[in-house]
Amino acid sequence: SDIVDKPSTPRVRVSELVATERDATVIIRGRTQAKNEVDVRAEVEGVVQAIHFEKGDHVKKGDTLCEIRLNDRGAKVAQAAALVAQTQKELQVAQDLYKQGFRSKTQLAQSEAAYAQAQAGLATMNVALANTHIKAPFDGIVDDRYVNAGDYMRPGDKCEMVIAPEPFLATGTVSEQDVGGISLGDPATVKLVTGENVTGRVSFVADRADQMTRAFRIEVELPNPDAKLRDGVSAEINIAVK
């Protein structure tokens, strides 16, 4: 009789798969930006007498950047101080006479008003005098200079730009599909075209999209203790999202 071979049982290799969460990375094209930068401006008019710092110089808060010629401001302060002294003596006399019944309350009030007005005038003159020294608002680096000695400045004219070296920002925009995965405080790695890799954290995520691009602005705060980062450098921002 014919012998029929039984089919062999197939062998199957089985491996157990365990589902795990994997982080994805959002890559954003952006650039660096100084977090604190300001064009320091004149508050009084006059001729520039001296420039005390040049582009690239480090300055401390309160350092005089540009100095405006005093002209008659010093004399006006002295005149205002003399008027304060005079009206103060007149007020003292008026107070004594009022106590003795030789001055009315109205006359005393007039002396008090004259003294207060003289004090206000002196304060105004002192402010104008102090404003002839245009000062740095914070520690930083002079990034630009707008005037030279001998130029005439008016209130609002720019003296110099000061940039605070730390902290710095890396800014960019993220799509509406990815913005939900990014939160304040998330770690981020920033790769600059100049070769530096800097680690920072997300410090701002816009609540509203740009009307034209429908993208959301984000900012990553970066340490810059050595003042090596420069404003406006192209950057690749990498943020891990779940």
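Within every chain, residues take consecutive numbers counted from 1 along the sequence as written. Residue-level local features of this predicted model are given only where pLDDT is at least 70; pairs of side-chain atoms are given and counted only at 80 or more, and the full residue set underlies all totals for whole chains, interfaces and linings. Hydrogens and water are ignored here; the side-chain numbers use all heavy atoms of the structure.

In this section: the packing of aromatic side chains. Between 30 and 60 degrees the pair is tilted, below 30 it is stacked and above 60 it is edge-to-face, where a pair is any two Phe, Tyr or Trp rings, Trp via its six-membered ring, whose centres lie within 6.5 Å. According to the stated counting rule, one finds zero aromatic pairs in the structure shown. Note on criteria: charge over ring means Lys NZ or Arg CZ within 6 Å of the ring centre, with the direction from the centre no more than 35 degrees off the ring normal. Taking the ring centre of tyrosine 146 as reference, the NZ or CZ of lysine 158 above it sits at 4.4 Å.

Let us look at the state of the cysteines. For this text, the term disulfide refers to a pair of cysteine sulfurs within 2.5 Å. According to the stated counting rule, one finds one disulfide in the structure shown. Residue cysteine 66 pairs covalently with cysteine 159 via a disulfide, S to S 1.9 Å. Negative torsions about the S-S bond denote left-handed disulfides, and the value of about 85° found for cysteine 66 with cysteine 159 makes this one right-handed. Taken together, the residues span a long stretch of sequence, with cysteine 66 in strand β5 (residues 64-68) and cysteine 159 in strand β9 (residues 158-163) at a distance of 93 residues. Exposure class is identical for cysteine 66 and cysteine 159. Each is buried. Numbering of helices and strands runs from the N terminus, with a helix taken as a DSSP run of H or I at least four residues long and a strand as a DSSP run of E at least two residues long. Burial classification: accessible surface area is computed with a 1.4 Å probe over protein chains only, and a residue below 20% of its type maximum counts as buried, one above 50% as exposed, and the rest as partly exposed.

The next subject is unusual backbone geometry. Here the amide bond leading from glutamate 166 into proline 167 is cis, since omega sits at -5°, within 30 degrees of zero. Mapping proline 167 onto the fold places it in the loop between β9 and β10 (168-174). Despite not being glycine, asparagine 71 shows a phi value in the positive range, around 55°. By the secondary structure assignment, asparagine 71 is in the loop between β5 and α1 (73-100). Of note in this structure, arginine 214 is not a glycine but carries a positive phi near 60°. Along the polypeptide, arginine 214 turns up in the loop between β12 (197-205) and β13 (216-222).

The analysis is restricted to geometry; functional conclusions fall outside its scope.
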